[in-house]
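Fold and contact review
Listed below are the residues making up each chain.
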Amino acid sequence: MQSLGFTSVPPLLKYVRHAEQLGMAIEPALAAAGLQAQQLSDNSLRLPGETHERLLDYFCEHSGDPLFGLNAANFVLPNSWSVLGYITMNCATLGEAMNRIMPFEKLVGDMGTSRAEMVHDQVRLIWNCRHESAGIRRHMVENVLASWMLYARWIADMDRSPREVWLEHERPAEAPQEDYEAFFGCPVRFGQPCNALLVPLDYLAIALRQADANLLRTLEEHALTMMAGLDDNEPL
């Protein structure tokens, strides 16, 4: 079986916070994933991708929320993407922040890879999920795209939505179309050729509310040092 690589702790915290809000007991979920509570306090810890799958699978099975991954995106924070979150927060524009995702996303984990495609007057922000289990994959994809949108709204101090959201998977029978479109604020299309936010090109020029070029340089230097150490330190 192919290894799923690693995941850092910060992406898991969104799931835990949403589960707590739903009133779930967290200890059984951690036990099912082979985790200990104190591990979630170490944002530098890297865990096997299988741990990510087991934790999310437990929450999805026991939460009663058919949109667990999507709704967990409401708990996105700058540290949800390790140092990458702080890098994007200190960029000058949304476009500059978008261009920082691909070079540094491996710091967050091996869950998937991002790319951007310019098509006419819009940009497709695409995420390719590495995980193959259909149920897990759906929740991860929905969580990532929703997190991107909500975080962009926060760092740009705006309330805009994409033009459309594309999802490769088919809509689950237990999750109404209107729930997806209410969340994203735009049409959501299933069975598409990729998982993407379709964003008007002019969004990329939107200024971010706390850009700091000096801090950005420092964070990028730190991130490059961390990236250089990844090959020397394989996941647990």
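Report on the accompanying structure. All figures in this text were calculated on a predicted structure; none of them were measured in a lab.

Glancing now at the packing of aromatic side chains. Across all of its chains, the model carries seven aromatic pairs by this definition. Of the aromatic side chains, those joined through ring pairs into one cluster are Tyr-15, Tyr-58, Phe-59 and Phe-68. If you follow Arg-46 out to its NZ or CZ, it ends over the ring of Phe-6, 4.7 Å from the centre.

A word on the environment of Leu-197. Among the secondary structure elements, Leu-197 is positioned in strand β7 (residues 196-200). Overall, Leu-197 belongs to the buried group, its relative accessible area being 3%.

Interhelical geometry of helix α2 (residues 26-33) versus helix α3 (residues 49-62) gives an angle of 140° and a closest axis separation of 8 Å. The handedness of the crossing between α2 and α3 comes out as right-handed. For the pair α2 and α3, contact is made by Ile-26, Pro-28, Ala-29, Leu-30, Ala-32 and Ala-33 and by Thr-51, Arg-54, Leu-55, Tyr-58 and Phe-59, respectively.

It is the contact of helix α6 (residues 94-104) with helix α9 (residues 213-230), at a shortest axis distance of 11 Å, that shows an interaxial angle of 15°. Relative to α9, the element α6 lies roughly parallel. Between α6 and α9 lies a crossing of right-handed hand. Between α6, through Glu-96, Arg-100, Pro-103 and Phe-104, and α9, the contact on the second element is made entirely by Leu-216, Glu-220, Ala-223, Leu-224 and Met-227.

Tracing the backbone shows Ser-82 in the loop between α4 (68-72) and α5 (83-89). Assessed through its relative accessible area of 13%, Ser-82 is described here as buried. Ser-82 has contacts with Pro-10, Leu-107 and Met-226, leaving out every residue within four places of it along the chain.

Each strand in a sheet pairs with its neighbour through backbone hydrogen bonds, running either in the same direction (parallel) or in the opposite one (antiparallel). One open sheet accounts for five strands, arranged β3-β4-β7-β5-β6; its pairing is mixed. Edge positions in the open sheet fall to β3 (112-119) and β6 (188-189), since each of these has one partner strand only. Where strand β4 (residues 122-129) meets β7, five bridges bridge the pair, whose relative direction is antiparallel. Within β7, the position partnered with Val-123 by the bridge is Val-199. Running at roughly 145° to β4, helix α7 (residues 134-156) makes contact with β3, β4, β5 (164-166) and β7 of the sheet.

Before going further, it helps to spend a moment on the nonpolar core. Side chains that are nonpolar tend, in soluble globular proteins, to be buried together. Core analysis: the biggest nonpolar cluster contains 76 residues, and Leu-55, Phe-59, Trp-127, Phe-184 and Leu-197 have the highest contact counts within it. When residues of this core are assigned to their parent elements, the largest contribution, 13 residues, is made by α7. Excluding residues within four positions of it along the chain, Phe-59 makes contact with Tyr-15, Val-16, Ala-19, Met-24, Ile-26, Ala-29 and Phe-68. Among the nonpolar cores identified, the runner-up in size contains five residues, and Ile-126, Trp-166, Ala-196 and Leu-198 belong to it.

Our next topic: the pattern of salt bridges. Opposite charge on two side chains permits pairing when their charged atoms draw close. Scanning all chains against the criterion turns up 13 salt bridges. Between Glu-174 and Arg-138 there is a salt bridge, with the nearest N and O atoms lying 4.0 Å from each other. Residue Glu-174 is located in the loop between β5 and α8 (177-184), and its partner Arg-138 is located in helix α7; the two are separated by 36 residues in the primary sequence. Several salt bridges converge on common partners, so that one network encompasses Glu-96, Arg-100 and Glu-220.

Cut-off values and rules
Residues numbered from 1 in each chain as written. Predicted model: local features only at pLDDT ≥ 70, side-chain atom pairs only at ≥ 80, totals over all residues. Heavy atoms only, no water. Phe/Tyr/Trp six-rings, centres within 6.5 Å; stacked < 30°, edge-to-face > 60°. Lys NZ or Arg CZ within 6 Å of the ring centre and 35° of its normal. Helix = DSSP H or I, 4+ residues; strand = E, 2+ residues; numbered from the N terminus. Buried < 20%, exposed > 50% of the residue type's maximum accessible area, 1.4 Å probe, protein only. Axes fitted to C-alpha atoms, helices over the stretch in contact; angles between N-to-C directions. Left-handed = near helix turned anticlockwise from the far one by under 90°. Contact = heavy atoms within 4.5 Å. Parallel < 35°, antiparallel > 145°, perpendicular 65-115°, else oblique. Pairing = 2+ DSSP bridges. Core = buried A, V, L, I, M, F, W, Y, C linked by side-chain atoms within 4.5 Å. Salt bridge = Lys/Arg side-chain N within 4 Å of Asp/Glu carboxyl O.

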